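# Notes for the structure review
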Amino acid sequence: MSEPKLEDIVSLAKRRGFIFPGSDVYGGLSGTWDYGPLGVQLKRNIMQLWWKMFVDDRDDMLGVDAAIIMNPKVWKASGHVDTFTDPLTECTNCGARHRVDKLPDFIERGTFDAQSVCPTCGKKGVLSEPRQFNMMFKTNVGPVDDENSLAYLRPETAQGIFTNFKNVVDTSYPDVPFGIAQQGKAFRNEISPRDFVFRSREFEQMEIEYFVHPEQWETAFEEWVKRIHEWCKALGLPDDMVHELEVPEADRAHYSKRTVDFEFDFPIGREELLGLAYRTDFDLMNIQNASGKSMEYRPKDGSAPFVPHVIEPSFGVERAIMAVLTAAYTEDEVNGEKRVFLKLPYDLAPIKVAVCPLAKNKPELVAKAREVYDMLRKEFGQVLWVDSGNIGKNYRKMDEIGVPYVVTVDFDTLEGEQKDTVTVRHRDTTEQERVEITNLVPTLNRP
Ligand code: GAP
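Position numbers for residues start from 1 in each chain and track the written sequence from start to end. In keeping with the predicted nature of the model, local features appear solely for residues at pLDDT of at least 70, side-chain atom pairs appear and are counted solely at 80 or more, and the whole-chain, interface and lining totals rest on all residues. Values reported for side chains reflect all heavy atoms of the structure, with hydrogen atoms and water molecules removed beforehand.

## Notes on the pattern of salt bridges
- By definition here, a salt bridge exists when the distance from a side-chain nitrogen of Lys or Arg to a carboxyl oxygen of Asp or Glu is within 4 Å. One pass over the structure, following the stated rule, counts 35 salt bridges.
- Of the charged contacts, one joins Arg15 and Glu400 as a salt bridge, the two residues approaching to 2.3 Å between their closest N and O atoms. Linking Arg15 in helix H1 (residues 6-15) with Glu400 in helix H12 (residues 391-400), this pair joins segments that are 385 residues apart in sequence.
- Note that Arg227 is salt-bridged to Glu230, the shortest N-O span being 2.9 Å. Secondary structure follows DSSP: runs of H or I at least 4 residues long count as helices, runs of E at least 2 residues long count as strands, and numbering of each begins at the N terminus.

## Points about the packing of aromatic side chains
- For this analysis, a ring pair means two rings from Phe, Tyr or Trp (six-membered ring only for Trp) whose centres lie within 6.5 Å, classed as stacked if their planes differ by under 30 degrees, edge-to-face if by over 60, and tilted for the remaining angles. This structure, assessed with the given rule, holds 20 aromatic pairs.
- Taking the centre distance of 5.6 Å and the plane angle of 65 degrees together, the rings of Trp50 and Phe54 count as edge-to-face. Of the two residues, Trp50 and Phe54 both sit in helix H2 (residues 37-56), four residues apart, roughly one turn of that helix.
- For every residue, the accessible area obtained with a 1.4 Å probe (protein chains only) is divided by the maximum for its type, and the residue is called buried under 20%, exposed over 50%, and partly exposed between those limits. According to the relative accessible area criterion, Trp50 is buried, its value standing at 0%.
- Judged by its relative accessible area of 2%, Phe54 falls in the buried class.
- Judged by centre distance (5.7 Å) and plane angle (75 degrees), the ring pair of Trp50 and Phe315 falls under edge-to-face. With a gap of 265 residues between them, Trp50 in helix H2 and Phe315 in strand S15 (residues 309-316) connect regions that are remote in the sequence.
- Judged by relative accessible area, Phe315 falls into the buried class, the value being 2%.
- Of the aromatic side chains, those joined through ring pairs into one cluster are Trp50, Trp51, Phe54, Tyr210, Trp224, Trp231 and Phe315.
- Sitting above the plane of the Phe341 ring, Arg339 keeps its charged end 3.8 Å from the centroid. Any Lys NZ or Arg CZ found within 6 Å of a ring centre and within 35 degrees of that ring's normal is scored as a charge over the ring.

## Let's talk about the packing of H2 against helix H8 (residues 217-234)
- With axes taken as lines fitted to C-alpha atoms, and helix axes fitted only over the stretch in contact, angles between N-to-C directions fall between 0 and 180 degrees. In contact at an axis separation of 11 Å, H2 and H8 are set at 145 degrees when each is read in the N-to-C sense. Two packed elements cross with a definite hand, and for H2 against H8 that hand is right-handed. In contact with Ile46, Leu49, Trp50, Met53 and Phe54 of H2, H8 contributes Trp224, Arg227, Glu230, Trp231 and Ala234.
- Taken together, the residues of the contact of H2 with H8 break down into eight nonpolar, no polar and two charged. Here is the rule for handedness: rotate from the far helix to the near one, and if that takes an anticlockwise turn smaller than a right angle the crossing is left-handed, while a clockwise turn gives right-handed. Residue contacts follow a heavy-atom distance rule, with two residues in contact if any of their heavy atoms lie within 4.5 Å. Ten residue types, Ala, Val, Leu, Ile, Met, Phe, Trp, Tyr, Cys and Pro, are classed as nonpolar, four, Asp, Glu, Lys and Arg, as charged, and the remainder, Gly among them, as polar.

## Here we look at the nonpolar core
- By convention a nonpolar core is built from buried Ala, Val, Leu, Ile, Met, Phe, Trp, Tyr and Cys residues, the set being connected through side-chain atoms within 4.5 Å. If you look at the biggest cluster of nonpolar residues, it comprises 69 residues, and the most contacted ones within it are Phe18, Leu42, Ile46, Trp231 and Ile311.
- Dropping the residues within four chain positions of it, Phe18 is found in contact with Leu12, Ala13, Asp34, Tyr35, Gly36, Leu38, Gly39, Leu42, Leu342, Pro350 and Ile401.
- If you look at the next biggest cluster of nonpolar residues, it comprises 23 residues, including Leu365, Val372, Val422 and Leu444.

## Comments concerning the site of the ligand
- Around the ligand there are 21 residues in total, and Glu156, Arg188, Ser200, Glu207 and Glu272 lie nearest to it.
- Distance and chemistry together define a polar contact, namely a pair of N or O atoms within 3.5 Å, with one atom able to donate a hydrogen and the other to accept it when in protein, and with adjacent residues in sequence counting only for side-chain atoms on both sides. Within the contact set of the ligand, an oxygen atom lies 3.0 Å away from a side-chain nitrogen or oxygen of Gln205.
- The separation between an oxygen atom of the ligand and a polar side-chain atom of Glu272 is 2.5 Å.
- Only the protein chains shown count as cover for residues, and all accessible areas are computed by the Shrake-Rupley method using a 1.4 Å probe. For the ligand, the protein covers 91% of the area, taking 550 Å² as the surface of the free molecule. Residue proximity to a molecule or strand is established when one non-hydrogen atom of the residue lies within 4 Å of it.

## Re helix H9 (residues 282-291)
- Along H9, the residues classified as buried are Asp283, Leu284, Asn286 and Ile287. In a view along the axis of H9, the buried residues occupy a sector of 160 degrees, so they form one face of it.
- Residues of H9 that are buried make contact with helix H3 (73-77), helix H6 (158-162), helix H7 (165-172), strand S11 (202-212) and strand S14 (269-280).
- Looking at the residues trailing H9, positive phi occurs at Gly292, about 75 degrees. Each direction from the helix axis to a C-beta atom contributes to the arc, which is the arc of those directions.

## A few points about the packing of H2 against helix H10 (residues 317-328)
- Their axes nearest at 10 Å, the elements H2 and H10 cross at an angle of 110 degrees. The pairing of H2 with H10 is recorded here as roughly perpendicular in orientation. Between H2 and H10, the residues in contact are Leu42, Lys43, Ile46 and Met47 and Val317, Glu318, Ala320, Ile321, Val324 and Leu325, respectively.
- In the contact of H2 with H10, the residues fall into eight nonpolar, no polar and two charged. Our angle categories are set so that under 35 degrees counts as roughly parallel, over 145 as roughly antiparallel, 65 to 115 as roughly perpendicular, and the remainder as oblique.

## A closer look at the sheet that holds strand S5 (residues 85-90)
- With antiparallel pairing, the three strands of this open sheet are ordered in space as S6-S5-S7. Edge positions in the open sheet fall to strand S6 (97-99) and strand S7 (131-134), since each of these has one partner strand only. Going across the sheet, the axis of each strand differs from the next one's by a mean of 50 degrees, ignoring polarity.
- In short, DSSP must find at least two bridges between two strands for them to pair. Looking at chain direction, S5 and S7 are connected through four bridges and run antiparallel.

What follows is the structure, encoded as structure tokens:
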């Protein structure tokens, strides 16, 4: 079947309560998105899986959760105040603002000239000279609104890790190499937010700063390439849709000596899913110089102290969600009818199982189904109770939100040879099997 289009994903996400435009009821707010009941669960599952794989299951990782608003000195020292910019042009005819490096004319000719066409109003020669636009959101801390109270919403979670490097070392005494992980919101005043959640103004990152001896950075970098491929696999992303891009020096962030972008074949084309960067000692040295506090690490074996170098795998949650939905979106045909279903990996499915009583006007049947539902809820948390519509329609609905199993309680469950058994229907194959209620939990626990 053909690859899903972006409209298919956006429409399913809204129709089924995964993702809504932010402030929808007031006409939206560009670059912001709200997660509905299924979306929040999917997002949490992705973030929990990440934490499990990269923190809980390893003995060289520690976590932090730093404040979103940090001392503005952080962003001066990190280089963000001076260099976290995108080139902006304004249309003197319609007032639209565009990122210069995203303009079709610029992409085609590699330069920006006065003949370039405004993509909003279509007029030529109306675009202003490009200027650098800093993408950090500003705010003021406290009641006085002046430059002394100026602060920024963090544009990356990474700095909350670097600024806590010493605190973590002094309280947890990890051996190098070790990593510090953090998940949380990041904010960027993107000039042109676009393509659903792909380029948002408020989004979530999952970042690791992995501290190594300066001579060990290459080994650690290669190791992280492998770990990232494992992560993509766990998200259900097919190998042939994930690509490594060695980022040339001119395109690398100001702090990076080597960057590999992991790109994914999104419905909008091949684009960055996540990044892996060698940040050297850039950040720790900046903090050391700006704060006057030593960022040296003293090995327990008494060998010479050093300022560690850093490998940074940086994951965007929204892009992970978009990739997961793209890879999971599947169309097939069942009994001559088109079916859309989300082939989500079991760990990511927002709801693992739904329970349907075959008839809702038979109290005995409903009571038995409730018993099954209560038992499964204890085990699986989110279990859906579905007692309206016909069974075929219910299956289609559950397929569309990626529920791996639907359990149907019918008259045979109550009496006869099949007493105390139920039908379990599998999402991916649509196959059905009869399972004893006492055997349900182990049957549904894993794919
Ligand atoms: N600390 C390094 C850093 O922030 P980045 O490449 O700017 O590096 C890392 O961002 C990841 O964050 C990206 O690969 C992407 O997944 C996600 N990301 C960045 N900007 C985003 C945006 N405007 N909307 C959604 N996700 C974004």
